[in-house]
Amino acid sequence: MMRPAIIIALLVLCFAACKKEENPFEQLEHNSPNPPSEALPQDNFAWLHQRVFRPVCANSGCHDGNFEPDFRSIGSAYNSLVFHPVIANDPGNSFTYRVLPGNVQMSFLHERLTTFVPNTSGTMPLETDGPDWPQNQGLYIAAISSWIQSGAPNMFGTPPSLGNLEPQVTGCLAFAAGNTTSPLPRGTDPGVQPIEVPAGNVDLWFSFSDDSTASNAFTFNKFKIATSVLGFATVPELSLSTGSAITGLDFGNTNATFTHKAALDLASYPIGSQLFVRVYVDDGDHPEPTEVPNDGTGSPMVDYFTLMIVP
Ligand code: HEM
């Protein structure tokens, strides 16, 4: 018969093991209209940006626009990493890109996090006072490697193609029509929850990032709204207006410029209805407009573009 002391010790050990991994950004995320990082898979680019690239790398004087890569926003981070040429290579000039999708060892990002490359300022991060780098370094490097290994998709699962990258949606906020300062909240249950909107006039604003085209220079700007995630083939394309812009928090909780607006009249939808939204934009560098999200975007990422009619 096992001694009581051993049973108690085992119980304490189990409890410690089950304790939720601490999220040092809980307070910041709590006040945001965006889902918390815990809602995201750990190798999703939005999780990596919220937990590593912005708080650990984009410190003042570092990758905050001072040094490449630019980790300030999800869009700038993605566009300055994936298939992006290297500046200060190793003595053998072994690396072509900061991130070579599918190849961790040939990605300079991984090299700079794990090796002191000669003739550089050292292993990254140069300063380790980021909120939780010392205790989570292993977890973060593993998550970055898993993202690279899985083909370095953007946060909505779209794989990159060599050459010009597709435009990315980096923020989606809903407001009562005409309001631009009080974004409507998402549901508070765990996970990525729909934005809760009234059965009335609502404005949906989007921010974009592209590696070469300014979002107000996109050549195609449309959206669709459907009552089922499979219903997009049968609903009409509607115009996004691009005449004005507002500032708001993007998916990485960084202030961004929202340039595209969808004016919605939701009066005919009953309380409890769930609505799905997709946007279609063209940076002028691809054969057809980019659709976000698309049929390949699974949960929880597709839920970023979901609305719920509430009383
Ligand atoms: C985990 C966080 C960080 C990551 C992932 C990161 C990543 C990188 C990468 C990939 C490069 C090479 C760019 C190229 O040559 O193409 C680089 C360079 C650089 N980083 Fe970081 N960095 C981080 C944190 C920091 C911090 C906190 C500082 C400042 C204290 C910093 C300062 C620099 C500087 C000055 C360079 C250019 C000089 C050199 O190549 O050594 N980095 N970083």
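Residues numbered from 1 in each chain as written. Predicted model: local features only at pLDDT ≥ 70, side-chain atom pairs only at ≥ 80, totals over all residues. Heavy atoms only, no water.

**Some remarks on the coordination of the iron atom of the ligand**
For the iron atom of the ligand, the full set of protein donor atoms is H63 (NE2) and M124 (SD), at a range of 2.0 to 2.3 Å. Note that the iron atom of the ligand binds six donor atoms; their angles at the metal cover 84 to 178°, and the shape is octahedral. Separated by 61 residues along the polypeptide, H63 in the loop between helix 3 (45-57) and helix 4 (74-79) and M124 in the loop between helix 5 (108-114) and helix 6 (133-149) bring together distant segments of the chain. Here H63 matches M124 in class, with each residue buried. (Donors = N, O, S within 2.8 Å, 3.2 Å for Na, K, Ca; no water. Tetrahedral: all angles 85-135°; square planar, octahedral: opposite > 155°, others 65-115°. Helix = DSSP H or I, 4+ residues; strand = E, 2+ residues; numbered from the N terminus. Buried < 20%, exposed > 50% of the residue type's maximum accessible area, 1.4 Å probe, protein only.)

**Remarks on the sheet that holds strand 8 (residues 260-265)**
In space, the three strands of this open sheet follow the order 1-3-8, with antiparallel pairing throughout. With one partner strand each, in any of the chains shown, strand 1 (168-176) and strand 8 form the two edges of the open sheet. Taking the axes of each pair of neighbouring strands and ignoring which way they run, one obtains an average angle of 20° across the sheet. (Pairing = 2+ DSSP bridges. Axes fitted to C-alpha atoms, helices over the stretch in contact; angles between N-to-C directions.)

**Some details on the environment of R112**
On the secondary structure map, R112 appears in helix 5. Given a relative accessible area of 13%, R112 falls into the buried group. Here the alpha-carbon distance between R112 and T123, two residues 11 residues apart in the chain, equals 5.5 Å. When residues no more than four places from it in sequence are discounted, the contact partners of R112 are V117, T120, S121, G122, T123 and M124. A distance of 2.9 Å separates the side chain of R112 from the backbone oxygen of G122, its partner in a polar contact. (Contact = heavy atoms within 4.5 Å. Polar contact = N/O pair within 3.5 Å; in protein donor to acceptor, adjacent residues only side chain to side chain.)

**Concerning the pattern of salt bridges**
Side-chain pairing between opposite charges can occur once the charged atoms of the two side chains come close. One pass over the full model with this rule turns up five salt bridges. Ionic pairing is found between K261 and D203, a salt bridge with its closest N-O pair at 4.0 Å. Here K261, found in strand 8, pairs with D203, found in strand 3 (residues 201-209); they are 58 residues apart in sequence, far enough to count as distant. A cluster of three or more residues bridged by salt bridges with shared partners is formed by R278, E291 and D295. (Salt bridge = Lys/Arg side-chain N within 4 Å of Asp/Glu carboxyl O.)

**Topic: the packing of helix 3 against helix 6**
If you want to describe how two helices pack, look at the angle between their axes and the distance between the axes. Between helix 3 and helix 6, whose axes approach to 11 Å, the crossing angle comes to 135°. The angle between the axes of helix 3 and helix 6 places the two elements in the oblique class. Along this stretch, helix 3 crosses helix 6, giving a crossing that reads as left-handed. Of helix 6, the residues touching helix 3 (which contributes F45, W47, L48, R51, V52, F53 and V56) are W133, N136, L139, Y140, A143, I144 and W147. (Parallel < 35°, antiparallel > 145°, perpendicular 65-115°, else oblique. Left-handed = near helix turned anticlockwise from the far one by under 90°.)

**Focus on the site of the ligand**
Near the ligand you find 22 residues, and of these C57, C62, H63, S121 and M124 are the closest. Measuring from an oxygen atom of the ligand, one finds a side-chain N or O atom of R98 at 2.7 Å. One nitrogen or oxygen atom from the side chain of S121 is found 2.5 Å from an oxygen atom belonging to the ligand. When residues of the shell around the ligand are traced back to their parent elements, those giving at least two are helix 3 and helix 5. Taken together, the residues of the shell around the ligand sort by class into 15 nonpolar, three polar and four charged. (Near = heavy atom within 4 Å. Nonpolar A, V, L, I, M, F, W, Y, C, P; charged D, E, K, R; others polar.)

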